[in-house]
Amino acid sequence: MGSERSTSPSDWGLPPRPSQRVHLRIAALWTVLSLGPSLALALWLSWWVGLVAAAFAVVVMTVGPFVQLRRLELRFGGVVAVASSEPRLDNLVRGLSDDHRLVTPRAIVLEDAPANAFVWRPLLGTAVLAISRSYLDALSRTELEGVVAHCLLRIDSSDARAATMASLMGPIGARVAPKVGAFDDVGAASLTRYPPGLASAIGKAVPARGAAPLWFVSDAPSHRAAATRVEELADL
């Protein structure tokens, strides 16, 4: 994990990720979904009703992600990973973050979740990288390094923040969220310099459904197919 490694997907044959347009689309959707009804209420009833509705929308945008994370933690038995209990995970998260100057998230182990991982990043607050116990136990060090690198790059690029907001929109959010795969995978492979590790980890994951934009592997429209991702990594 030396600092001399490149994290640019262009070095591996792909241009920079085209995610800025996606982020703007999500922001526009949130504006329409939140301020649109507020404006309608202001015109239909009174300005103060519209103001209250707008304030409620702001609260939902700010608090909603934290409620969502708490629900996921309760559903899957989330436990904060510390160096003493999860040294392998802690070393990889801190090592990759420090070596490549990436955002350092809080690591969580999901004791009762299927084999998978997810990223979460609110508008304000500390990002989270969560991985299930079954997945953590099934992965070798090189496989886990690939998963962690992938998740860290999503968090650092702000795709995780866009995915977090999109996941609150349900099926609509899954269609407009930043596409998971290709750029994230190639970026992680360029960071670890070992594409087979990431490809093998993708093959071991159980595709997620709920809150799909957050997860590492999913069958939802927010993700490229796992088989396609593995094939593309094999060509690097």
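Residues numbered from 1 in each chain as written. Predicted model: local features only at pLDDT ≥ 70, side-chain atom pairs only at ≥ 80, totals over all residues. Heavy atoms only, no water.

Undergrad: Teacher, can you tell me more about the packing of helix H9 (residues 195-204) against helix H10 (residues 226-234) here?
TA: Two numbers describe a pair of packed helices, the interaxial angle and the distance between the axes. It is the contact of H9 with H10, at a shortest axis distance of 9 Å, that shows an interaxial angle of 165°. Classified by the interaxial angle, the pair formed by H9 and H10 is roughly antiparallel. Relative to H10, H9 is oriented so that their crossing is left-handed. Along the contact surface, H9 presents Pro195, Leu198, Ala199, Ile202 and Gly203, while H10 presents Ala226, Arg229, Val230 and Leu233. A per-class count over the contact of H9 with H10 returns seven nonpolar, one polar and one charged. (Axes fitted to C-alpha atoms, helices over the stretch in contact; angles between N-to-C directions. Helix = DSSP H or I, 4+ residues; strand = E, 2+ residues; numbered from the N terminus. Parallel < 35°, antiparallel > 145°, perpendicular 65-115°, else oblique. Left-handed = near helix turned anticlockwise from the far one by under 90°. Contact = heavy atoms within 4.5 Å. Nonpolar A, V, L, I, M, F, W, Y, C, P; charged D, E, K, R; others polar.)

Undergrad: Please explain the confidence of the model for the protein as it appears in this structure.
TA: Low pLDDT means the predicted atomic positions in that stretch should not be read closely. Predicted confidence across the protein gives a mean pLDDT of 80, with 74% of residues reaching 70 or more. Confidence over residues 1-15 falls short of pLDDT 50; this stretch has 40 contacts with residues more than four positions distant or in other chains. (pLDDT = per-residue confidence, 0-100.)

Undergrad: In this structure, what is going on with the environment of Gly197? I would like to understand it.
TA: Summarising the element assignment, Gly197 is placed in helix H9. Exposure remark for Gly197: the relative accessible area of 2% places this residue in the buried category. Put simply, Gly197 and Leu139 are 58 residues apart on the chain and 9.2 Å apart in space, counted from C-alpha to C-alpha. Beyond its immediate chain neighbours, meaning those up to four positions away, Gly197 contacts Thr142 and Glu143. (Buried < 20%, exposed > 50% of the residue type's maximum accessible area, 1.4 Å probe, protein only.)

Undergrad: What exactly am I supposed to notice about the packing of aromatic side chains here?
TA: Two numbers describe a pair of aromatic rings. These are the distance of the centres and the angle of the planes. In the structure shown here, the tally under the stated rule is four aromatic pairs. When the ring of Phe66 is compared with that of Trp120, the centres are 5.2 Å apart and the planes differ by 75°; the resulting orientation is edge-to-face. Separated by 54 residues along the polypeptide, Phe66 in helix H2 (residues 47-76) and Trp120 in strand S3 (residues 117-120) bring together distant segments of the chain. For Phe66, a relative accessible area of 38% corresponds to the partly exposed category. Assessed through its relative accessible area of 1%, Trp120 is described here as buried. Ring centres of Phe76 and Trp215 lie 5.9 Å apart, and the angle between their planes is 90°; this geometry places the pair in the edge-to-face category. In this pair, Phe76 is assigned in helix H2 and Trp215 in the loop between H9 and H10, connecting sequence segments 139 residues apart. As far as the burial class goes, Phe76 and Trp215 line up, both buried. Pairwise contacts between aromatic rings join Phe76, Phe118 and Trp215 into one cluster. (Phe/Tyr/Trp six-rings, centres within 6.5 Å; stacked < 30°, edge-to-face > 60°.)

Undergrad: Help me understand the pattern of salt bridges in this model?
TA: Oppositely charged side chains may form a pair once their charged atoms are brought near each other. Across all of its chains, the model carries eight salt bridges by this definition. Among the ionic pairs, Asp90 bridges to Arg94, the shortest N-O distance being 2.9 Å. Placement of both Asp90 and Arg94 in helix H3 (residues 87-99) is noted, with a separation of four residues, approximately one turn of the helix. With relative accessibility at 12%, the residue Asp90 sits in the buried group. Its salt-bridge partner being Glu111, residue Arg133 comes within 3.1 Å of it at the nearest N-O pair. Residue Arg133 is located in helix H4 (residues 133-138), and its partner Glu111 is located in the loop between strand S2 (106-110) and S3; the two are separated by 22 residues in the primary sequence. Judged by its relative accessible area of 22%, Arg133 falls in the partly exposed class. Taken together, the shared-partner salt bridges in this structure form one network comprising Glu86, Glu111 and Arg133. (Salt bridge = Lys/Arg side-chain N within 4 Å of Asp/Glu carboxyl O.)

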